[in-house]
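Listed below, chain by chain, are the residues.
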Amino acid sequence: MHFPEDWSEFGPKVQALRDRERRFVWAYLINSMTEVGANGAQAARDAGFSDVKEGAKVRAHHLLHRMDVQEAIQELAARELRGLALPAIAALSSILRKADHPDRQKVALSVLSRLGMGEQSALSLNVSGEVRVNHTDAALDDLKRLLDLGVPREKLIETFGYSGLTRYERMLASRDGKLIEGEVVSRG
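Fair warning: this is a prediction, and the values are worked out from it, not measured in the lab.

Draft legend 1. Region of interest: the overall build of the protein. Check the secondary structure of the protein and you find ten helices and zero strands. Of the regular secondary structure in the protein, the N- to C-terminal order runs α-α-α-α-α-α-α-α-α-α. Relative to the globule expectation of 16 Å for 188 residues, the C-alpha radius of gyration of the protein, 38 Å, shows a markedly less compact shape. Expressed along its principal axes, the backbone C-alpha trace of the protein runs to roughly 110 × 55 × 30 Å.

Shown next as structure tokens:
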């Protein structure tokens, strides 16, 4: 396994690791790009960790569960992925140039979609909120509408109740500014 001689050009997550941990992350990524695939124990051996009594498996398991190592793997993978942009573009271009390629339409739609020029997808909109109803105000509004329609008093009593109707009539008159409350003072 060949490791970089200078880690200074790598991201902060990779640089924060100790040397053997960096080499483990590098070996894990490189191994994952081979036909064998990701192999933590092999990456630990390649990085220089001991394999006495299968210690490389234990070390790999421990390292792969550490958040700082996971973040370094993601950082290194993102760097590698950006490096694949040009070969990916070349592959897409090759497919698009072959009129009889079976995936040509899928590739064309995918490229257009990523450029914001594909078919418009359905808009998904979730709205949440709260509606607070003041039942007294709602009852007053209902009473006003019914009075404006000329509903007979018997029907109003049926709807609001006798004492309720009287209460709501006073409140409605007060709200509309027609009721003047006061105190009767007798002169004696």
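Past the structure itself, the notes keep going.
Draft legend 2. Examining unusual backbone geometry more closely. Here lysine 53, not a glycine, exhibits a phi torsion of approximately 55 degrees, which is positive. Locating lysine 53 in the fold gives a position in the loop between α3 (40–47) and α4 (55–64). Positive phi is not limited to glycine here, since glutamate 54 has a value of about 60 degrees. Positionally, glutamate 54 belongs in the loop between α3 and α4.

Draft legend 3. The nonpolar core, seen in detail. Formed by 23 residues in total, the largest nonpolar core has its most connected members in Phe24, Val25, Val69 and Leu76. Only α2 (19–32), α3, α4 and α5 (67–83) provide two or more residues apiece to this core. With six residues, α2 is the single largest residue contributor to this core. Apart from the residues lying within four places of it in its own chain, the contact partners of valine 25 are Leu17, Val69, Ala72, Ile73 and Leu76. Counting eight residues, the second largest nonpolar core, distinct from the first, contains Ala139, Leu140, Phe160 and Leu172.

Draft legend 4. Structural detail: a nonpolar patch on the surface. Together, Leu109, Leu112, Leu115 and Met117 give the surface a local cluster of nonpolar side chains, amounting to about 380 Å² of exposed area. Secondary-structure assignment places leucine 112 in helix α7 (residues 104–114). On the basis of relative accessible area, leucine 112 is assigned to the partly exposed category, the value being 34%.

Draft legend 5. View of the packing of aromatic side chains. A full pass over the atoms with the stated rule returns five aromatic pairs. Consider the rings of tryptophan 7 and phenylalanine 10, whose centres lie 5.1 Å apart with planes at 50 degrees: the pair is tilted. This pair shows no difference in class: tryptophan 7 is buried, exactly as phenylalanine 10 is. Ring geometry for phenylalanine 10 against tryptophan 26: centres 5.9 Å apart, planes inclined by 90 degrees, an arrangement best described as edge-to-face. In this pair, phenylalanine 10 sits in the segment before α1 (12–15) while tryptophan 26 sits in helix α2, placing the two residues 16 residues apart along the sequence. This pair shows no difference in class: phenylalanine 10 is buried, exactly as tryptophan 26 is. Pairwise contacts between aromatic rings join Trp7, Phe10 and Trp26 into one cluster.

Reading the values: rules and limits
- Residues numbered from 1 in each chain as written.
- Predicted model: local features only at pLDDT ≥ 70, side-chain atom pairs only at ≥ 80, totals over all residues.
- Heavy atoms only, no water.
- Helix = DSSP H or I, 4+ residues; strand = E, 2+ residues; numbered from the N terminus.
- Rg over C-alpha atoms; globule rule 2.2 N^0.38 Å.
- Core = buried A, V, L, I, M, F, W, Y, C linked by side-chain atoms within 4.5 Å.
- Buried < 20%, exposed > 50% of the residue type's maximum accessible area, 1.4 Å probe, protein only.
- Contact = heavy atoms within 4.5 Å.
- Patch = residues over 30% accessible without salt bridge, like charges linked within 9 Å, V, L, I, M, F, W, Y side chains within 5 Å.
- Areas by Shrake-Rupley, 256 points an atom, 1.4 Å probe, with all protein chains shown as cover.
- Salt bridge = Lys/Arg side-chain N within 4 Å of Asp/Glu carboxyl O.
- Phe/Tyr/Trp six-rings, centres within 6.5 Å; stacked < 30°, edge-to-face > 60°.

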